Amino acid sequence: MNHSNIMRNKMKFSLIALLMMLFVSSATFTYAQKEKVTKGEDRLKAYDLHKEMKEKSSFKDFKWSFIGPTNISGRVTDVEVVAPKGKNYTIYAAAASGGVWRTDNEGVSWYPIFENQATSSIGDIALDPQNSEVLWVGTGEANIFRSSMAGCGIFKTADGGKTWKHMGLHNTNTIARILIHPENSNIVYVAASGHEWTKNKERGVYKTTDGGKSWKKILYVDDLTGAIDLVMDPSDPETVYAATWQRIRKKWNDPRTLKNYSKSGIYKTTNGGKNWKKINKGLPEGKHRGRIGIDIARSNPNVIYAFVDCYELVKAKEGEIDSYGRKKKGYIKGAQVYRSDDKGANWTLMSGQTDKMKTYMERHSATYGWVFGQMRVDPNDENTIYTMGLRLNVSNDAGKTFRQLNGMHADHHGLWIDPDNSDYLVNANDGGVSVSYDGGKNWKSFTDNLPIIQFYNVGFDMADPFKVYGSVQDHGSYRGTVMKMGNRFRAVEFERAPGWEDSHHVISPEDENLVYAASFYGAINRTYYKPGKKYSWGDTESIMPKIFDDEPKLRGQWMAPFMLSPHNPDIVYHGMQYLFRSKDKGDTWEKISPDLSLNDKTKMGDIPFQTLTAISESSLMYGILYAGTDDGQLHVSKDGGKNWKLITNGLENGRWISRVIASKYDMSSVYATQNGKRDDDFTAYVWKSEDYGTTWKDISGNIPFGPVNVIREHPFRKGVLFVGTDTGVYVSEDDGKNWEVLGDLPSCYVHDLIYHSKHNVIVVATHGRGMFALDATKLLQKKK
């Protein structure tokens, strides 16, 4: 080769190298500039795009059918009642993750009035005392369960829910209380309790004097301390009391009062928020104060009560376990009731003065007092108070003694007491709305017509007609038959099924009576249904993998993933921090991976973290396995678990792997989704790799925002994908290049989605609206 050719080749290779560098740099730059959706304003804009996509979708005429359950309801965070009873029968219910509902006949029927917004998570609602058609809605549940969702500000309707207007406070994420001035509807106070997972400055008390056109932050402590409750003096609207709560939820711990915390407490203003004064004399020390609920006696405004979650430690008895079966090292004093007879200047401990009542209060809220914290004073009797915990509790002697009011679902979050008749109570709990006409002796609960069921998952069998399974927040696991009528489906009652409130369900494709499920944190079980019989606890046996005493304790996620091999239904895979495999339906296990998480010792606490959250096996080749974790790790094994390779290059760092799916059409292809909720990140993360995860490309396309919870392939059409997000369902017919909204679902949290290949039916499990089904025959016919 002559010199000129050598020079030309060198220049050619240099040019190619330069172009490759530019390409890589450009690709990296494009990825780095991927627009994140983190702020409330961004989510509102993204939801407007979602609505536009929904209107223009070629699938807009596809109809989803609610299929149940028709015999249970879900968590309600607040209720408002139009008074006086007799002239009005309207009740508003704020669902934790199902929007706002209204009844005009005292619960005979309910209908949704807040179901097409950027969020369906409701923290508090408030009726305008001057106009019962004016309702304010604070979005973002303040109880911050692990399944709570973020809000994006405050909304207002002036026509009873027909139309809505966003009134600001976009970035609060949670709203705990709304107070409206009794004589001036333009004056509204809002308690913003703060982001669930991250620090933020949009915490504290806000006030508007122009009906929500503008807001002023009138009480702010710091970016870890928000306002969790507000109450107004009925004799002087300029006097307002506020309870602050210093808290954040970590991925490995429930929200709690930490060693360096001291800023939870009670504040008072007598001039409408211009100045505030701390009023904590007589309450536990700041380092022991957790969540605080407050209320005032309308019959005597000098009297105020505080319901304090006290973090002073008590040594546990030998062998004591908590609500989830974990050994107790110690426990906090928990629920305490304090009273002030001088408008908050001094506080006196009222509860727990006897051994019996001390034990009663320690058990009041179990290990999660941060979930509750609501209390009410009877508007006609300063000595009758109600506290809300696992049960609804009432005291007629100012908190010295309590008794439980039974007859409705557990876990209580709201209570309305009729000011004209204290025997008329309307209660909000994890099972929906309950009404009593006799002071709590008897209750009527609306479990059959308030469909705000909070499912975590959906599983299915291969029967005809087929059944779907799912776990429901605070209810346990249920199954129901999918009943098709033409191209629609009938809503049915569900019956109890194996598993608890946190269970995946996998049913043997060869035997519909063989059901695998898990209980808290990965405790996997196997159930053989007796043919023709309903589920019985006695039909279930534990098949939990065993470890040696000197091995690290197993860590399983709240809903630990497991699956049956597509090559042999006797083979079960189960994910903890390791991946286990059984070849005999769970009788024996082998550990086929190392710890696939980061295993960071500084990020371990009371809640298992750094665990597997998603697993998949290729249906085209036995032993090609994928495993993703809650700390953003994703691995592949091509040899049945002997060797594992980390494949996170290109994925979003640290984000929860919500789903990984090995493609059924191409052996080297795999799809993955990530959920940024636990980082207050609402970006849509959807990925595809065509080389076993070595490289990834973003296929989120035009999906406006997430989080994304699930992805599925069409069983018969290559390149057709479905994703479920915290807003609805999207479908792509070109392998993720373009997405369309699928059908007419209301805005809802789609936690899981299945496509039943035998029946051509899609079923989604929503966290707040129950299960829906869609006849997918048209989708199969739409393009071949």
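Throughout what follows, the structure given in this document is the object of discussion.

Scoring rules and cut-offs
- Residues numbered from 1 in each chain as written.
- Predicted model: local features only at pLDDT ≥ 70, side-chain atom pairs only at ≥ 80, totals over all residues.
- Heavy atoms only, no water.
- Buried < 20%, exposed > 50% of the residue type's maximum accessible area, 1.4 Å probe, protein only.
- Helix = DSSP H or I, 4+ residues; strand = E, 2+ residues; numbered from the N terminus.
- Arc of directions from axis to C-beta.
- Contact = heavy atoms within 4.5 Å.
- Expected span 1.5 Å × (residues − 1).
- Salt bridge = Lys/Arg side-chain N within 4 Å of Asp/Glu carboxyl O.
- Pairing = 2+ DSSP bridges.
- Polar contact = N/O pair within 3.5 Å; in protein donor to acceptor, adjacent residues only side chain to side chain.
- Phe/Tyr/Trp six-rings, centres within 6.5 Å; stacked < 30°, edge-to-face > 60°.
- Lys NZ or Arg CZ within 6 Å of the ring centre and 35° of its normal.
- Disulfide = S-S within 2.5 Å.
- Lys, Arg positive; Asp, Glu negative; His and termini not counted.
- Patch = residues over 30% accessible without salt bridge, like charges linked within 9 Å, V, L, I, M, F, W, Y side chains within 5 Å.
- Areas by Shrake-Rupley, 256 points an atom, 1.4 Å probe, with all protein chains shown as cover.

### Points about helix α3 (residues 355-362)
- Of all the positions in α3, only Met357, Tyr360 and Met361 are classed as buried. End-on, the buried residues of α3 take up no more than an arc of 90°, which puts them together on one face.
- Buried residues along α3 sit against β20 (330-340), β24 (392-395) and β25 (403-405).

### Comments concerning helix α2 (residues 40-56)
- Taking 1.5 Å per residue as the helical rise, α2 with its 17 residues ought to reach 24 Å, and the 24 Å between its terminal C-alpha atoms agrees with that figure.
- Residues Gly40, Arg43, Leu44, Ala46, Tyr47, His50, Met53 and Lys54 constitute the buried set of α2.
- The elements touched by buried residues of α2 are β8 (154-157), β9 (165-166), β54 (729-732) and β55 (740-741).

### Structural notes on the pattern of salt bridges
- Following the criterion strictly, the structure yields 39 salt bridges and no others.
- For arginine 102, the salt bridge goes to aspartate 104, with nearest N and O atoms at 2.7 Å.
- Using a relative accessible area of 9% as the deciding quantity, one classes arginine 102 as buried.
- The exposure class of aspartate 104 is partly exposed, given its relative accessible area of 36%.

### Points about the sheet that holds strand β41 (residues 568-575)
- Spatially, the four strands line up as an open sheet ordered β40-β41-β42-β43, and their pairing is antiparallel. Both outer strands of the open sheet, β40 (562-565) and β43 (590-591), are each paired with one neighbouring strand and no more.
- Two elements, β40 and β41, share four bridges in a ladder whose sense is antiparallel. Bridged to phenylalanine 562 within β41 is histidine 574.

### Notes on the side chain of aspartate 726
- Assignment of secondary structure puts aspartate 726 in the loop between β53 (721-725) and β54.
- Of note is the side chain of aspartate 726, whose polar atom sits 2.9 Å from the side chain of asparagine 709.
- In this structure, aspartate 726 is in contact with Met149, Gly706, Pro707, Asn709, Cys748 and Tyr749, ignoring residues within four places of it in sequence.

### A closer look at the packing of aromatic side chains
- Tallying each qualifying case throughout the model produces 22 aromatic pairs.
- Within the aromatic cluster, the residues linked to one another by ring pairs are Tyr456, Trp500, Phe520, Tyr521, Tyr529, Tyr535, Trp537 and Trp558.
- The ring of tyrosine 220 is capped by lysine 217, whose NZ or CZ atom sits 4.1 Å from the centre of that ring.
- Cation over ring: arginine 496 sits above tyrosine 478, and NZ or CZ is 5.3 Å from the ring centre.

### A few points about unusual backbone geometry
- In this model, alanine 83 is joined to proline 84 through a cis peptide bond whose omega is 0°.
- When you line up the elements, proline 84 lands in the loop between β2 (76-81) and β3 (91-95).
- Residue proline 707 follows glycine 706 across a cis peptide bond; omega there is -5°.
- Mapped onto the fold, proline 707 is located in the loop between β51 (697-698) and β52 (708-713).
- Here aspartate 474, not a glycine, exhibits a phi torsion of approximately 65°, which is positive.
- Topologically, aspartate 474 is positioned in the loop between β31 (467-472) and β32 (476-481).
- Here the phi dihedral of aspartate 680 falls at roughly 50°; this positive angle occurs in a residue that is not glycine.
- Relative to the helices and strands, aspartate 680 is located in the loop between β49 (670-675) and β50 (685-689).
- Residue class for aspartate 680 comes out buried when judged on its relative accessible area of 6%.

### Some points on the environment of tyrosine 671
- Along the chain, tyrosine 671 falls in strand β49.
- With a relative accessible area of 3%, tyrosine 671 lands in the buried category.
- Tyrosine 671 sits 42 residues away from glutamate 713 along the chain, and the two C-alpha atoms are 9.1 Å apart.
- Engagement of the side chain of tyrosine 671 in a polar contact is seen with the side chain of aspartate 735, the distance being 2.5 Å.

### Some points on the sheet that holds β8
- Read across the sheet, four strands follow the order β6-β7-β8-β9 without closing on themselves; strand pairing throughout is antiparallel. Because the sheet does not close on itself, it has two edges, and the strands there are β6 (122-128) and β9.

### Brief notes about the state of the cysteines
- Per the stated rule, a full pass over the model turns up zero disulfides.
- Cysteine 152 takes part in no disulfide bond, and the closest cysteine sulfur, belonging to cysteine 748, lies 15 Å away.

### Digging into the pairing of β53
- With five of five residues buried, β53 lies mostly within the body of the structure.
- Where β52 lies against β53, five bridges are found, and the strand directions are antiparallel. Within β53, the position partnered with isoleucine 711 by the bridge is valine 723.
- Bridging between β53 and β54 involves four bridges; their strand directions are antiparallel. Bridged to phenylalanine 722 within β54 is valine 731.

### Brief notes about the side chain of arginine 289
- Within the secondary structure, arginine 289 sits in strand β18 (residues 289-296).
- The side chain of arginine 289 sits in the buried core without any salt bridge; glutamate 285 is the nearest counter-charge, 8.2 Å away.
- Once you skip the residues sitting within four places of it in the chain, arginine 289 turns out to touch Thr257, Ser262, Ser264, Gly265, Asn280, Leu283, Pro284 and Asp309.

### So, a nonpolar patch on the surface
- A cluster of nonpolar residues, Leu620, Met621 and Met667, forms a patch on the protein surface that exposes about 230 Å² of accessible area.
- Along the chain, leucine 620 turns up in the loop between β44 (612-617) and β45 (625-629).

### So, the environment of tyrosine 424
- Among the secondary structure elements, tyrosine 424 is positioned in the loop between β26 (412-417) and β27 (425-429).
- The class for tyrosine 424 is buried, based on a relative accessible area of 3%.
- Separated by 14 residues in the primary sequence, tyrosine 424 and aspartate 438 have C-alpha atoms spaced 6.5 Å apart.
- With sequence-adjacent residues up to four places away left out, tyrosine 424 is seen in contact with Lys85, Ile91, Glu106, Trp416, Ile417, Asp418, Val435, Ser436 and Tyr437.
- Among the polar contacts made by the side chain of tyrosine 424, one reaches the side chain of glutamate 106 at a distance of 2.6 Å.

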